[in-house]
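Reading the structure
Spelled out from the first residue to the last, the chains are:
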Amino acid sequence: ARHGFSIWVAMADLDHFKSVNDTHGHDAGDTVLKSFADVLKSNTRESDMCCRLGGEEFLLVLTHIEEKENVSIAIERIRKQFRVQKFTVAGRTFTATASVGIAGFCGSKPSDLNALIANADAALYAAKHKGRDRIEFAN
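Residues numbered from 1 in each chain as written. Predicted model: local features only at pLDDT ≥ 70, side-chain atom pairs only at ≥ 80, totals over all residues. Heavy atoms only, no water.

**As for helix α2 (residues 26-42)**
To keep things clear, this is the line we draw: Think of it this way: any DSSP run of H or I at least four residues long counts as a helix, any run of E at least two long counts as a strand, and we number them from the N terminus. One fewer than the residue count of a helix, multiplied by 1.5 Å, yields its expected span. A 1.4 Å probe rolled over the protein chains alone gives each residue an accessible area, and that area as a share of the maximum for its type sets the label: buried under 20%, exposed over 50%, partly exposed in between. To be clear, the arc concerns the directions from the helix axis to the C-beta atoms.
Under the 1.5 Å per step criterion, the end-to-end length of α2 is 24 Å for 17 residues, consistent within 8% with the ideal 24 Å. When we look at burial in α2, the residues that qualify are A28, G29, V32, L33, S35, F36, V39 and L40. Seen from one end, α2 has its buried residues packed into an arc of 160 degrees, which puts them on one side. Opposite its buried face, α2 presents the exposed residues H26, D27, K34, K41 and S42, each directed more than 90 degrees away.

Here you go:
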């Protein structure tokens, strides 16, 4: 904030992940988690940060992206690349999707990191409520 750089926080959650574990087993669930992590790794820059928070929830911190539209492009690339991956377990093929909530600031002082995360989490719940497999920005 001191230098006027933007920061965007994105909370991603794998849709219906419990169903993946229940239907295909926990090894399949682990494969899906690893696949999403690989998609994150291959689609984020060195200046970005991403981590698994636990369960099927991931946090991304993107910097130096000034416009909301460009953040949308970056996150949509991740979401769409994950959605087209196919997983096969015991002869059954399935796909998985992710919902993402995004909050950020640009050139102004944010209230604090916890507030950004809470806003991104609220946007994530909005994405889930609006049908999943989508992104939503915090207000």
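**Notes on the pairing of strand β3 (residues 57-63)**
If a strand is regular, its side chains alternate between the two faces of the sheet. Put simply, the test is: At least two bridges found by DSSP between two strands are what make those strands a pair.
Taking burial as the measure, the seven residues of β3 include six buried ones, the bulk of the element. Bridge analysis of strand β1 (residues 6-14) against β3 gives seven bridges, and the strand direction is antiparallel. Within β3, the residue paired with M11 across the bridge is L59. Bridge analysis of strand β2 (residues 49-54) against β3 gives five bridges, and the strand direction is antiparallel. Note that in β3 the partner of C50 across the bridge is L60. In this antiparallel pair of consecutive strands, β2 and β3, the connection spans two residues, and G55 shows a positive phi of 55 degrees.

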